[in-house]
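So you can see what is in the structure, the chains are spelled out below.
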Amino acid sequence: MPFLIDTGTMGARIQAYDWSASPLGSVETWPPSLCVTLSNVLRSKMPTYLLWGPELITFYNDACLPLRGIRPEALGQPLPQAWAEIWNVASPVVTQARRGEATYVQDVPVWIVQRKGYPEETWWNASFSPVMAESGDVGGILIIIHETTERVFGERRLRFLVDLSTRLRGIPEASGVMAMAAEMLGRHLKVSRVGYAEFHETGGSFTVERDWTEGATPTFAGQYRVSDFGSLIESELRAGHTLRIDDASMDARTAEERVAAEFLRTNKRASIIAPLIRDGRLVAALFVHQSEPRHWRDDEATLVQEVAECTWTSVLRARAETALRESEARFRQFAEHSTDMLWIMNAETLQMEYVSPAFERVWGWSPEMFQHRDQWAETLHPEDRERALQATDRVLRGDTVVQEYRIVRPDGSMRHIHATGFPIFDEHQKIQRIAGIAKDITQHDGSTVYVVDSNETSRRELCLLLQGAGYEVKMFAAAQAFLEVAPVLVPGCVVLDIRDPATGELTIPRELKTRRAGLPVIVIGKAQGDVAIGVQAMKAGAVDFLDVPYHPEQLLDALASAQATIRERAERDQATERVRALIAALPPREREVLDGLLAGGTNKTIARDLGLSPRTVEAHRARIMERLGAQSLPELVQIAVAAGLQPKPQDRQG
């Protein structure tokens, strides 16, 4: 058999094979076309099969051996028997070749069970060519194969990573990034569960905030001790090694009974765990769970590692952006609730970039009117203007400056301001902006009295009486003049003489009552013993009524009582504003928990609504109570409601 000389392992096997029982008969009787073709096949470096005769008797060369694995010997067997597990795929093209038609197929998926002892999804290119016999008919079929599994999976992996990266780019929240990555990876790998575990700084435990499951598999969300999963697992993760467990009941790393039981209890019979090490510390891990045993391919483990790294980068980016947004939101919330005025100015253009709402309350102007430093300078008391501008120039040169100055409001009243200005540097240590805090230190203890009296003589007499008692007095001849400036007046008492109809009678107390302005009104009138007039004044909103003639001590006593009310309201408002500022500065998640508590939710129902664990909700609740100084849940609710927080409607379905 010269044609089999030096034809490798398969040539030797062909020579040793007992062909007497084969439809082909002994080698000596084989037709020249079979011998020549087989000699060429055996010398080829391409994996090649040769099928001969009606029975499709199988030959193959040494290049096929690595691709066959542990499958049973196919030499001399009919192809339907040798390729039983893939015959349904091969049969149509073999039939076509037997009719004399050559065929080439690309990237054909084939499930193979026997090659490595477990099911494999494989991909192949193959050409099927007829081999002509001496009779001129098709004597055999030449099959040249090339496995493309690695390339196909590699291209799949790259497409997946590109798609993942594109989708993650538009997600602003870290939780959303992890949720999207988990779902995409879970569906791509067709697994039971995917999620992220974040390890606590102590290293002894980790938390799974949320995960993706295929439906029937329960969630793995919660807090766990690392030790529950075995010292071997823990040491490999801390070393940065990606874990591949095909079957937790068979793996040596989970052989300990309690560890195997924990893996089986939590529905992770098979797992891939890709750790994330930062600055030498295990900070997180991406886990992929399968509830049944599964052989993980190399490319699957590689993909999990790549997804872990790229997703974590997106998580850190999203958290940084979220922190910046929350910081900016907390700043704006704080600024909007602060009694002090906060501002930010562009250092180059001197244009205002931000002015807090307190500006309108303190300055008396709308923030929209305050767009440039020059406009701010116009509000300064002329005697303080040059000094205040010089202080601003010092801030522009890099100094932090604390100063006091006076401002003049639109109604002509003055306020004393305690201001701090400071520079804001960019990454190159260049002053990019300057900013400041302006606090109104004008005393507003109710010692201002607004006298509304159309009679000039009695108006002057009242002014002298009140100034002699230590009050600051501002006089108005008509109700309309007073009501026009009432919104911007500092807290104080109103003394209204209604004897002359020109004062507008009871218009002022009625209007102030409607506006809920903090300006108590004492009405002076001539009732001549008619109690109904006093009752009418009180119903209109007055806090007291003095019938002419009255003793000066009666007016001073009434003012003292009203002044005490102003002080109590100021203290109460200050406390309320403080609580509002604290609530406004709460992180978004804590605010959501507070809303849930106000709506009557429990830790369990709030956890369900927010997608958290009850233990996490409990931790948020403790921090909220600490921030607001509440000792109990009822006290917390009372504080929040007193600050004007209203319960939000909650979805209690399910």
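Since we're looking at a predicted model, the values are computed, not measured.

Criteria and cut-off values
Residues numbered from 1 in each chain as written. Predicted model: local features only at pLDDT ≥ 70, side-chain atom pairs only at ≥ 80, totals over all residues. Heavy atoms only, no water. Helix = DSSP H or I, 4+ residues; strand = E, 2+ residues; numbered from the N terminus. Buried < 20%, exposed > 50% of the residue type's maximum accessible area, 1.4 Å probe, protein only. Axes fitted to C-alpha atoms, helices over the stretch in contact; angles between N-to-C directions. Parallel < 35°, antiparallel > 145°, perpendicular 65-115°, else oblique. Contact = heavy atoms within 4.5 Å. Nonpolar A, V, L, I, M, F, W, Y, C, P; charged D, E, K, R; others polar. Salt bridge = Lys/Arg side-chain N within 4 Å of Asp/Glu carboxyl O. Core = buried A, V, L, I, M, F, W, Y, C linked by side-chain atoms within 4.5 Å.

Engineer: How should unusual backbone geometry be read in this particular structure?
Structural biologist: The phi angle of most residues is negative, glycine excepted, and most peptide bonds adopt the trans form. Residue Pro549 follows Val548 across a cis peptide bond; omega there is 0 degrees. Take Pro549: it is sitting in the loop between β22 (544-547) and α18 (552-584). The phi angle at Asp279 is positive, at roughly 55 degrees, despite the residue not being glycine. With respect to the helices and strands, the residue Asp279 is situated in the loop between β11 (270-278) and β12 (281-290). With a relative accessible area of 84%, Asp279 lands in the exposed category. One non-glycine residue, Leu350, adopts positive backbone phi at about 65 degrees. With respect to the helices and strands, the residue Leu350 is situated in the loop between β13 (341-346) and β14 (352-355).

Engineer: Where do I start with the packing of helix α19 (residues 588-598) against helix α21 (residues 614-628) in this structure?
Structural biologist: Geometry of a packed helix pair, given as the angle between the helix axes and the separation of the axes. Interaxial distance between α19 and α21 falls to 9 Å at its minimum, and their mutual angle equals 90 degrees. Between α19 and α21, the crossing angle belongs to the class labelled roughly perpendicular. On α21, the residues touching Arg589, Glu590, Val593, Leu594 and Leu597 of α19 are Val617, His620, Arg621, Arg623, Ile624 and Arg627. By residue class, the composition of the contact of α19 with α21 is five nonpolar, one polar and five charged.

Engineer: Please clarify how the pattern of salt bridges should be interpreted in this entry.
Structural biologist: Once their charged atoms are close, side chains differing in charge can pair, the charge on each being opposite to the other. All told, the structure shown has 39 salt bridges when counted by the stated rule. Among the salt bridges present, the one from Asp247 reaches Arg269, with a minimum N-O distance of 2.6 Å. Of this pair, Asp247 sits in the loop between β10 (243-245) and α9 (257-265) while Arg269 sits in the loop between α9 and β11; the two residues are 22 residues apart in sequence, bridging distant segments of the chain. Looking at Asp247, the relative accessible area reads 14%, which means it is buried. Ionic pairing is found between Asp384 and Arg406, a salt bridge with its closest N-O pair at 3.0 Å. Taken together, the residues span a long stretch of sequence, with Asp384 in helix α13 (residues 382-396) and Arg406 in strand β15 (residues 401-408) at a distance of 22 residues. In terms of burial, Asp384 and Arg406 fall into one category: buried.

Engineer: What exactly am I supposed to notice about the nonpolar core here?
Structural biologist: One broad trend across soluble globular proteins is that nonpolar side chains are buried collectively. Of all hydrophobic cores here, the largest spans 42 residues; its most connected members are Ile14, Trp19, Trp30, Leu38 and Phe59. Broken down by element, this core gets its largest block of residues, five residues, from helix α2 (residues 32-43). Those residues within four positions of Leu38 in sequence are excluded, and the remaining contacts are Phe3, Leu4, Ile14, Trp30, Leu50 and Phe59. Formed by 34 residues, the second largest nonpolar core is a distinct cluster that contains Leu161, Ile171, Met178 and Met184.

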